[in-house]
Amino acid sequence: MNDTPSADTPQSPPGANPAMQSGGPLIRVLGQYVKDLSFENPRPLEAQSAQSAPNIELGIDVKADTIQGRDNTFEVSLRLAAEAKRNGDEVVFIAELLYAGLFEIKDASQTDIEPMLLIECPRLLFPFARRLIAEITREGGYPPLLIDPIDFVGLYRKQRESETGASPAGEAPTS
């Protein structure tokens, strides 16, 4: 008996994604890019000679917009803002990044599209945005700012709750 597939037997290419074959929702990254990047370093010599580590506040925001004239195509923007201060109000540095991606979503229900855009798409963008923030702070003369992984599911839930006016029960605030 011959184990080689016949010409009429459908074969998956090596490394094919099983989710694509099952007909489930598909997210395709069409591109990703820096939309805005800012780094302020007001007193680099003073800040680098300081003995104590600065207090860093991190802000995160995710937005999704449809692309006019292109069905199922969306731009998702991930905004990361870090402000380092010492002695309460002395700014050490401010780093802001708006990193975006162009995504195509196929075979998803209307109820699944929003969570895919605000959870899965930023999850795909985050490693690249994190690397850029680390590099820009390192180039500013500081140790690279390595942002901890972000819980995009929790961030999405928090956004939904603030829009509906519901207060989360028993949840700890995120920073």
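In case you missed it, the structure is sitting above this.
Residues numbered from 1 in each chain as written. Predicted model: local features only at pLDDT ≥ 70, side-chain atom pairs only at ≥ 80, totals over all residues. Heavy atoms only, no water.

A.B. asks: Sorry if this is basic, but what is going on with the overall build of the protein here?
C.D. replies: Helix and strand counts for the protein stand at four helices and four strands. Listed by position from the N terminus, the elements making up the protein come as α-β-α-β-β-β-α-α. Taking all 175 residues of the protein together, 28% fall into the buried category. (Helix = DSSP H or I, 4+ residues; strand = E, 2+ residues; numbered from the N terminus. Buried < 20%, exposed > 50% of the residue type's maximum accessible area, 1.4 Å probe, protein only.)

A.B. asks: Is there a simple way to think about the sheet that holds strand 3 (residues 73-86) in this case?
C.D. replies: Strands in a sheet are paired, the pairing made by backbone hydrogen bonds, and the direction either parallel or antiparallel. The strand order across the open sheet built from four strands is 1-4-3-2, with neighbouring strands paired in antiparallel fashion. Lying at the two open borders of the sheet, with one neighbouring strand each, are strand 1 (26-40) and strand 2 (55-66). Within this sheet the neighbouring strands show an average axis-to-axis angle of 15 degrees, counted without direction. Two strands pair when backbone bridges link them, and strand 2 and strand 3 are joined in this way by twelve bridges, in the antiparallel orientation. The partner of Lys63 across the bridge, within strand 3, is Ser77. Taken strand by strand, helix 3 (residues 110-139) contacts strand 1, strand 2, strand 3 and strand 4 (90-106), and its axis lies near 140 degrees from that of strand 4. In the packing of helix 4 (residues 152-164) onto the sheet, the strands contacted are strand 2 and strand 3, and the crossing angle to strand 2 comes to about 75 degrees. (Pairing = 2+ DSSP bridges. Axes fitted to C-alpha atoms, helices over the stretch in contact; angles between N-to-C directions. Contact = heavy atoms within 4.5 Å.)

A.B. asks: Help me out: how do you make sense of the pairing of strand 3 in this one?
C.D. replies: Across a regular strand the side chains alternate sides, sitting on one face of the sheet and then on the other. Within strand 3, eleven of the 14 residues are buried, leaving the element largely enclosed by the surrounding structure. Sheet topology places strand 3 next to strand 4; 14 bridges connect them, and they run antiparallel. Each residue of the ladder has a partner; that of Arg79, found in strand 4, is Leu98. Connecting strand 3 to the next strand, strand 4, in antiparallel fashion are three residues, including Asn87 with a positive phi near 55 degrees.

A.B. asks: Can you help me understand helix 4 in this one?
C.D. replies: Because the α-helix completes a turn every 3.6 residues, residues three or four places apart line up on one side. Relative to the 18 Å expected for 13 residues at 1.5 Å per residue, helix 4 spans 18 Å between its end C-alpha atoms, a close match to the ideal helical length. Phe152, Leu155, Tyr156, Gln159 and Glu161 are the residues of helix 4 that are buried. On the buried face of helix 4, the contacting elements are strand 2, strand 3 and helix 3. Its side-chain oxygen 3.3 Å from the backbone nitrogen of Val153, Asp151 forms the N-cap of helix 4. Of the residues trailing helix 4, Gly165 is marked for its positive phi of about 85 degrees. (Expected span 1.5 Å × (residues − 1). Polar contact = N/O pair within 3.5 Å; in protein donor to acceptor, adjacent residues only side chain to side chain.)

A.B. asks: It is not clear to me how the side chain of Ser77 should be interpreted in this structure. Could you clarify?
C.D. replies: Note on placement: Ser77 falls in strand 3. When sequence neighbours within four positions are dropped, the list of residues in contact with Ser77 reads Lys35, Asp61, Val62, Lys63, Leu98, Tyr99 and Ala100.

A.B. asks: Even after reading the chapter, I still don't get unusual backbone geometry, so can you show me in this structure?
C.D. replies: One non-glycine residue, Asn72, lies in positive phi territory at about 60 degrees. Residue placement: Asn72 occurs in the loop between strand 2 and strand 3. Although it is not a glycine, Asn87 sits at a positive phi angle of roughly 55 degrees. Checked against the element boundaries, Asn87 lands in the loop between strand 3 and strand 4. Its relative accessible area of 62% is what places Asn87 among the exposed residues.

A.B. asks: Explain the packing of helix 3 against helix 4 here, please?
C.D. replies: Packed helix pairs are characterised by how far apart their axes lie and by the angle those axes make with each other. Look at helix 3 against helix 4: their axes get within 9 Å of each other, and the N-to-C directions meet at 140 degrees. Regarding the angle of helix 3 to helix 4, the classification is oblique. Handedness of the helix 3/helix 4 crossing: right-handed. Between helix 3 and helix 4, the residues in contact are Glu114, Pro115, Leu118, Ile119, Pro122, Arg123 and Phe126 and Phe152, Val153, Tyr156, Gln159 and Arg160, respectively. A breakdown of the residues in the contact of helix 3 with helix 4 according to their chemical character gives eight nonpolar, one polar and three charged. (Parallel < 35°, antiparallel > 145°, perpendicular 65-115°, else oblique. Left-handed = near helix turned anticlockwise from the far one by under 90°. Nonpolar A, V, L, I, M, F, W, Y, C, P; charged D, E, K, R; others polar.)

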